[in-house]
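Chain by chain, the residues:
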Amino acid sequence: MIRILAFAGSARKDSYNKIILKIAVQGAIDAGAKVTLLDLADLPLPLMDEDLEKQSGIPANALKFKQLLKEHDGFLIASPEHNSAYSALLKNTIDWASRRAEGEKPLEGFSHKVAGIMAASPGALGGLRGLVPLRMLLENIGVMVLPNQKAVAKVSALLTENGIIDDEQTIAGLKRIGKELVETLAKLNR
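Model, not experiment: these values are computed from the prediction.

A. Quick look at the overall build of the protein. In terms of regular secondary structure, the protein is built from six helices and six strands. For the protein, the N- to C-terminal ordering of α and β elements is β-α-β-α-α-β-α-β-α-β-β-α. Scaling as 2.2 N^0.38, a compact globule of 190 residues should have a C-alpha radius of gyration of about 16 Å, and the protein matches this with 16 Å. By principal-axis analysis of the C-alpha atoms, the protein measures approximately 50 × 40 × 25 Å. Within the protein, the fraction of its 190 residues that count as buried is 47%. When contacts within the protein are restricted to residue pairs at least 6 apart in sequence, long-range pairs at least 24 apart make up 78% of them. Working note: accessible area of the protein is about 9700 Å², and carbon and sulfur atoms make up 51% of it. In the protein, the 24 positive side-chain charges and the 22 negative ones have mean positions that sit 3 Å from each other.

Written as structure tokens, this is what we have:
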């Protein structure tokens, strides 16, 4: 069975990106994958600092995250756009997980993995500008990123009073990211 790790680059409880991620997760589940949904707020990390690493080693939460990366075939990642880039939380988490522990191959948690990426924003571009550097970062550390991505513009206008997206076209596009990730991983694992 294909295993996917899903996480958003936001610690905010009612994050738009957590909302869209759950829809993409459903698309992956519907396509037959087993999905682990992770909230990065549950794995707090200090700012990446090589002096801290030298003094104390790689933080336990970074090692937990890295182990989750290794245990999964691919990733669903939703990231808010912060000043035309991905979030600092996401970057810091990836930086710590990229640190090589003794006995590990370089970038072991990322190499030969596949990711589907998405973003949501109340703005007109939906976080699209942040997906470009996120794609570049992931590909530079060995992750193949699906060509299709999803940026959900004006997401706050798509939410019901209960905080759920009810726009069928948006839901279909997000589920498609999850489904395409599962289909791509299935082809690669043959």
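B. Geometry of helix α3 (residues 60–71). Across its 12 residues, α3 extends 17 Å between first and last C-alpha, which sits within 8% of the 16 Å expected from 1.5 Å per residue. Residues N61, A62, F65, K66, L68 and L69 constitute the buried set of α3. Within α3, the buried residues cover an arc of 155° as seen down the axis, which keeps them to one side. Of the surrounding secondary structure, the elements contacted by the buried residues of α3 are β1 (3–8), β2 (34–38), β3 (74–78), α4 (88–97) and β4 (113–120).

C. Local environment of helix α6 (residues 168–188). A rise of 1.5 Å per residue sets the reference length of α6, with its 21 residues, at 30 Å; its end C-alpha atoms lie 30 Å apart and thus fit the reference within 8%. Buried residues belonging to α6 abut β1, α1 (16–30), β3, β4 and β6 (150–152).

D. View of the pairing of β3. With respect to burial, β3 is a largely interior element, five of its five residues being buried. Side chains of β3 alternate between two faces, with G74, L76 and A78 and F75 and I77 buried alike. Both β1 and β3 contribute to a ladder of five bridges, which runs parallel. Along β3, the bridge assignment pairs A6 with L76. At this point the chain moves from β3, through α4, to the parallel β4, and the crossover so formed is right-handed.

E. Molecular detail of the environment of P122. Mapped onto the secondary structure, P122 falls in the loop between β4 and α5 (128–140). Look at P122 and you get partly exposed, because its relative accessible area is 47%. Discounting residues that sit within four places of it in the chain, P122 has contacts with Y16, K154, V155 and S156.

F. Main features of the packing of α3 against α4. Two numbers describe how α3 lies on α4: the axes approach to 9 Å, and their chain directions differ by 80°. On the basis of their axis angle, the class for α3 and α4 is roughly perpendicular. Across the interface between the two elements, A62, F65, K66 and L69 from α3 touch T93, W96 and A97 from α4. Classifying every residue of the contact of α3 with α4 gives five nonpolar, one polar and one charged.

G. Structural context of the nonpolar core. With 28 residues, the main nonpolar core has I4, I20, L21, L76 and M118 as its most contacted residues. L21 has contacts with A6, F7, A8, L37, L76, I77, A78 and M118, leaving out every residue within four places of it along the chain. Counting residues in hydrophobic clusters, the runner-up holds 25 residues, among them L90, I94, A97 and L134.

Procedures and definitions
- Residues numbered from 1 in each chain as written.
- Predicted model: local features only at pLDDT ≥ 70, side-chain atom pairs only at ≥ 80, totals over all residues.
- Heavy atoms only, no water.
- Helix = DSSP H or I, 4+ residues; strand = E, 2+ residues; numbered from the N terminus.
- Rg over C-alpha atoms; globule rule 2.2 N^0.38 Å.
- Buried < 20%, exposed > 50% of the residue type's maximum accessible area, 1.4 Å probe, protein only.
- Contact = heavy atoms within 4.5 Å.
- Areas by Shrake-Rupley, 256 points an atom, 1.4 Å probe, with all protein chains shown as cover.
- Lys, Arg positive; Asp, Glu negative; His and termini not counted.
- Charge placed at Lys NZ, Arg CZ, Asp CG, Glu CD.
- Expected span 1.5 Å × (residues − 1).
- Arc of directions from axis to C-beta.
- Pairing = 2+ DSSP bridges.
- Right-handed = clockwise from strand over helix to strand, strands pointing away.
- Axes fitted to C-alpha atoms, helices over the stretch in contact; angles between N-to-C directions.
- Parallel < 35°, antiparallel > 145°, perpendicular 65-115°, else oblique.
- Nonpolar A, V, L, I, M, F, W, Y, C, P; charged D, E, K, R; others polar.
- Core = buried A, V, L, I, M, F, W, Y, C linked by side-chain atoms within 4.5 Å.

The analysis is restricted to geometry; functional conclusions fall outside its scope.
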